[in-house]
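# Reading the structure
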Amino acid sequence: MRTQVGIVGAGPAGLFLSLLLQRAGIDCVVLESRSRDYVESRVRAGVLEQGTVDLMADLGVDARLRRECMIDAALDIRFSGKLIHLDLPGMSGGKVAHIYGQQEVVKDLIAARLERGGALLFEAEVSRLDGLKSGRPTIHFTHGGKAQMLECDVIAGCDGFHGVCRPAIPADVLTIYDREFACGWLGVLSESPPLAEMTYANHDRGFALASRRSPQVSRLYVQCDPDDDVANWSDARIWDELHIRLGDPGRVELKEGRIFQKGITPVRSFVSAPMQFGRLFLAGDASHIVPPTGAKGLNLAVADVRVLSRALIEYFKTGADARLELYSDTCLKRVWKVVRYSTYMTTLLHRFPGQTAFERQVQLAELDYVLNSHAASTTIAENYVGLPYEED
Ligand code: APR
Ligand code: PHB
C-alpha cells in the first residue's frame with residue numbers, strides 16, 4: 001500500500017486531518033486499531049470551542065451538531081455559598097461554547113470520511129514506524145490477521161497518549177513535561193435534567209462539575225482519589241457528594257436519575273516536545289494531554305491539525321516546507337497557553353490532599369478576586385470559549 005500521508009488513529013485529530021487533506025486532494029489513509037463501534041462509543045468530554053465548531057461547518061460535517069448541540073452562553077463557579085457567573089459572549093466579543101459529546105463528533109467525522117470515499121481501516125493495529133528520517137517512511141500494521149505495510153511521504157501520529165507514534169521518536173530527542181495532579185475525576189452520565197448552566201464547584205469536600213449532553217441527560221463529575229475505583233462509588237454516594245459540593249443540601253435543584261455510565265479519569269498534564277521528527281508529525285493526545293478541567297483535549301487536537309493540514313497542503317502543492325519545519329513550534333505556543341489555563345482552573349477548583357490552611361486561604365482569595373474582578377473573570381471566559389488561532 002502507498003499514500004502521501006499515513007494517519008495513525010481515528011480519533012478527532014486523525015479524522016479532522018483526513019477530511020482537511022482529502023478536501024485539498026491529498027491522498028491519505030487512516031489506520032485505526034479499534035472497531036468503528038468502539039471508537040464511536042467512547043465517552044469523552046463535550047465542550048467545543050467556537051473554532052472547532054467553525055471547522056466542522058467549514059468541512060460540511062455540522063448538520064447534526066446544529067440540530068442537537070446545546071449552547072453554553074454562561075459559565076458558573078460556586079464556592080463558599082457564592083456564585084461567579086460568567087457571561088461568555090459579553091466577555092469574549094460574542095463567543096459561546098457548544099456542548100456536543102466527543103463521540104458524536106467522531107461519528108460525524110467517520111460518516112463523512114466514508115461517504116467521501118476516504119480510506120479508513122478499522123481494527124488495523126499499527127505496530128511500528130520505520131524510515132522516519134528517510135523520504136519514504138513506512139507504517140507497519142496488522143489488518144484482517146495479516147501483517148501489512150503502508151509506504152508514505154509523511155506520517156501523522158494521531159494515535160493518542162498510549163499510541164506507538166510518540167515512542168517512535170528517540171528518547172534523547174524528546175523533552176517530556178509531566179504533572180500528575182493528586183486527584184481523579186469520577187464522571188457519570190445520568191438520565192436526569194441538567195442544571196441550567198455549566199457549573200463548576202469548589203467545596204471543602206472537593207471539586208464537582210455539572211455539565212450536560214441533552215435536556216434529558218446530565219454529565220456530572222466529582223473529584224476523587226487518583227487511584228480510586230468506580231466500585232467504591234455507589235449511585236447514592238455520587239448523588240450525595242454532588243448535592244453537597246454543588247451547594248444543594250436540600251436536594252431541590254439537582255435532579256437525580258438513572259446513572260448509566262461511570263468512569264474515572266486521571267487529572268494530568270503532559271507535553272512532549274518537539275511534536276515532529278523527520279517525516280513524523282504528532283497531533284493531539286499523541287503529543288499532549290491536559291487536565292479535563294479546561295475541557296480542552298479535543299479542541300487542542302483540532303488546533304494542531306489545522307496547523308498540520310495547512311503545512312502539508314502547502315508542501316504537497318508547492319514543495320515549500322517552511323510551515324512544516326515550524327509545525328512543532330507553532331503548535332506548542334498554543335499548547336502551553338492551554339496547559340496554563342487548564343492548570344490554573346485545576347488549581348483554583350480542587351482541594352488537594354495536604355493543602356495547607358494558608359494555601360486554602362489563598363485559593364479562596366483567588367475565587368473572591370475572580371468574583372469581583374472583571375479582568376480576572378474575563379480571562380477565564382476568553383480561555384473557556386477558546387483563544388484566537390494566532391497563525392491565521
Ligand atoms: N494503531 C492504530 N490506532 C491506534 C493505535 C495504534 N497502535 N494506538 C491508538 N490508536 C487509536 C486509538 O484507538 C484512538 O482511536 O488512535 C486514536 C487516538 O484518538 P484519541 O485518543 O481520541 O486522541 P486525539 O484524536 O488526539 O483526540 C484527543 O480525545 O481522548 C480524547 O481527551 C482526549 O479529548 C481528547 C481527544
Ligand atoms: C463535559 O461536559 O464532559 C465537560 C465539561 C467541562 C469540563 C470537562 C468536561 O471542564
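Please read all numbers here as calculations on a predicted model, not as lab measurements. (Residues numbered from 1 in each chain as written. Chains lettered and ligands numbered in written order. Predicted model: local features only at pLDDT ≥ 70, side-chain atom pairs only at ≥ 80, totals over all residues. Heavy atoms only, no water.)

On to the sheet that holds strand β4 (residues 70–72). Here 3 strands make up an open sheet; going across it, the order is β3-β7-β4 and the pairing antiparallel. The two strands at the open ends of the sheet, each matched to only one other strand, are β3 (47–48) and β4. (Pairing = 2+ DSSP bridges. Helix = DSSP H or I, 4+ residues; strand = E, 2+ residues; numbered from the N terminus.)

It is worth spelling out the site of ligand 2 at this point. Taken together, 14 residues are adjacent to ligand 2, and Tyr 200, Ser 211, Arg 213, Tyr 221 and Pro 292 come closest. Take Tyr 221: an N or O atom from its side chain is 2.6 Å from an oxygen atom of ligand 2. Surface burial for ligand 2 is 100%, taken as the share of its 280 Å² of free accessible area covered by protein chains. When residues of the shell around ligand 2 are traced back to their parent elements, those giving at least two are β14 (198–203), β15 (206–214) and β16 (217–224). (Near = heavy atom within 4 Å. Polar contact = N/O pair within 3.5 Å; in protein donor to acceptor, adjacent residues only side chain to side chain. Areas by Shrake-Rupley, 256 points an atom, 1.4 Å probe, with all protein chains shown as cover.)

Let us now look at the site of ligand 1. Near ligand 1 you find 26 residues, and of these Glu 32, Arg 42, Arg 44, Gln 102 and Asp 285 are the closest. Residue Gln 102 places a side-chain N or O atom 2.8 Å away from an oxygen atom belonging to ligand 1. The contact in question runs from a nitrogen atom of ligand 1 to an N or O atom on the backbone of Val 126, over 3.0 Å. The fraction of the free accessible surface of ligand 1 (710 Å²) that becomes covered by protein chains is 88%.

The next thing to look at is the sheet that holds strand β8 (residues 119–121). The strand order across the open sheet formed by 6 strands is β8-β2-β1-β12-β19-β18, and the pairing between neighbours is mixed. Each of the sheet's edge strands pairs with one partner strand only, and the pair in question is β8 and β18 (276–277). Inspection of the sheet shows strand β12 (residues 154–157) paired to strand β19 (residues 280–282) by 3 bridges, in the parallel sense. Its bridge partner lying in β19, Ala 156 is registered against Phe 281. The strands touched by helix α6 (residues 102–115) are β2 (28–31) and β8; relative to β8, the strand with the most contacts, the crossing angle is about 125°. (Contact = heavy atoms within 4.5 Å. Axes fitted to C-alpha atoms, helices over the stretch in contact; angles between N-to-C directions.)

A separate point is the environment of Trp 185. Tracing the sequence through the fold places Trp 185 in strand β13 (residues 175–191). Between the C-alpha atoms of Trp 185 and Pro 292, which are 107 residues apart in sequence, the distance is 8.4 Å. Side-chain polar atoms of Trp 185 contact the side chain of His 350, separated by 2.9 Å.

Glancing now at the packing of helix α8 (residues 297–318) against helix α10 (residues 327–349). Close contact between α8 and α10 brings their axes to 10 Å; oriented N to C, the two are set at 160°. Relative to α10, the element α8 lies roughly antiparallel. Where α8 crosses over α10, the handedness of that crossing is right-handed. Across from Leu 300, Ala 303, Asp 304, Val 307 and Leu 308 in α8, the residues of α10 making contact are Tyr 327, Thr 330, Cys 331, Arg 334, Val 335 and Val 338. (Parallel < 35°, antiparallel > 145°, perpendicular 65-115°, else oblique. Left-handed = near helix turned anticlockwise from the far one by under 90°.)

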